[in-house]
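Architecture at a glance
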Amino acid sequence: MKLEDAKQRIEQAINQYGAQAGMAIDLVINEVRSDMGATAVNELVEQFDLELLYNIAPMESDYSNS
């Protein structure tokens with residue numbers, strides 16, 4: 001999935017489901033994480049204010065320090 005596609009799907013979910021869009025957005029976020037990693041997820045969370053509106057938190061780095 002491309003980042004632009006993810007943004008479009010999130011916008012569509014918000015427009016279609018409003019306050020109930022969390023589950024649909026979570027599916028998009030999981031696909032973005034799988035395809036592009038935590039940095040892309042965090043960008044979407046910040047851009048759409050998903051943490052405040054849908055309780056979808058930013059992700060930790062893709063890399064561990066262990």
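Criteria and thresholds
Residues numbered from 1 in each chain as written. Predicted model: local features only at pLDDT ≥ 70, side-chain atom pairs only at ≥ 80, totals over all residues. Heavy atoms only, no water. Helix = DSSP H or I, 4+ residues; strand = E, 2+ residues; numbered from the N terminus. Expected span 1.5 Å × (residues − 1). Buried < 20%, exposed > 50% of the residue type's maximum accessible area, 1.4 Å probe, protein only. Arc of directions from axis to C-beta. Contact = heavy atoms within 4.5 Å. Axes fitted to C-alpha atoms, helices over the stretch in contact; angles between N-to-C directions. Nonpolar A, V, L, I, M, F, W, Y, C, P; charged D, E, K, R; others polar. Core = buried A, V, L, I, M, F, W, Y, C linked by side-chain atoms within 4.5 Å. pLDDT = per-residue confidence, 0-100. Salt bridge = Lys/Arg side-chain N within 4 Å of Asp/Glu carboxyl O.

1. Brief notes about helix α1 (residues 3-17)
Relative to the 21 Å expected for 15 residues at 1.5 Å per residue, α1 spans 21 Å between its end C-alpha atoms, a close match to the ideal helical length. Buried within α1 are the following residues: Leu3, Ala6, Lys7, Ile10 and Ala13. Seen along its axis, α1 keeps its buried residues to an arc of 125°; they face one direction. Among the exposed residues of α1, those pointing more than 90 degrees away from its buried face are Glu4, Asn15 and Gln16. Against α2 (22-36), α3 (38-47) and α4 (50-54) lie the buried residues of α1. One or two steps after α1, the chain reaches Gly18, where phi turns positive at roughly 60°.

2. Comments concerning the packing of α2 against α3
Contact geometry for α2 and α3: axes closest at 7 Å, N-to-C directions at 145°. Mapping the contact onto sequence places Ile29, Val32, Arg33 and Met36 in α2 and Ala38, Ala40, Val41 and Leu44 in α3. Residues that form the contact of α2 with α3 fall into these classes: seven nonpolar, no polar and one charged.

3. Notes on the nonpolar core
Counting residues in hydrophobic clusters, the biggest one holds 17 residues, and the most contacted among them are Ile10, Ile25, Ile29, Val32, Leu44, Leu50 and Ile56. Where this core is concerned, the elements lending two or more residues are α1, α2, α3 and α4. Ignoring sequence-local partners within four residues, the contact set of Ile10 consists of Ile25, Val28, Ile29, Leu44, Phe48 and Leu50.

4. Section: the confidence of the model for the protein chain
Chain-level statistics for the protein chain give a pLDDT mean of 92 and a share of 91% at 70 or above. The element-level mean pLDDT for the protein chain is lowest in α4, coming to 96, with α1 highest at 98.

5. What about the pattern of salt bridges?
Tallied over the full model, the rule gives three salt bridges. Residue Lys7 is joined to Glu43 by a salt bridge in which the shortest nitrogen-to-oxygen separation is 3.8 Å. In this pair, Lys7 is assigned in helix α1 and Glu43 in helix α3, connecting sequence segments 36 residues apart. By relative accessible area, Glu43 is classed as partly exposed at 38%. The residue Glu31 makes a salt bridge to Arg9 at a minimum N-O spacing of 3.2 Å.

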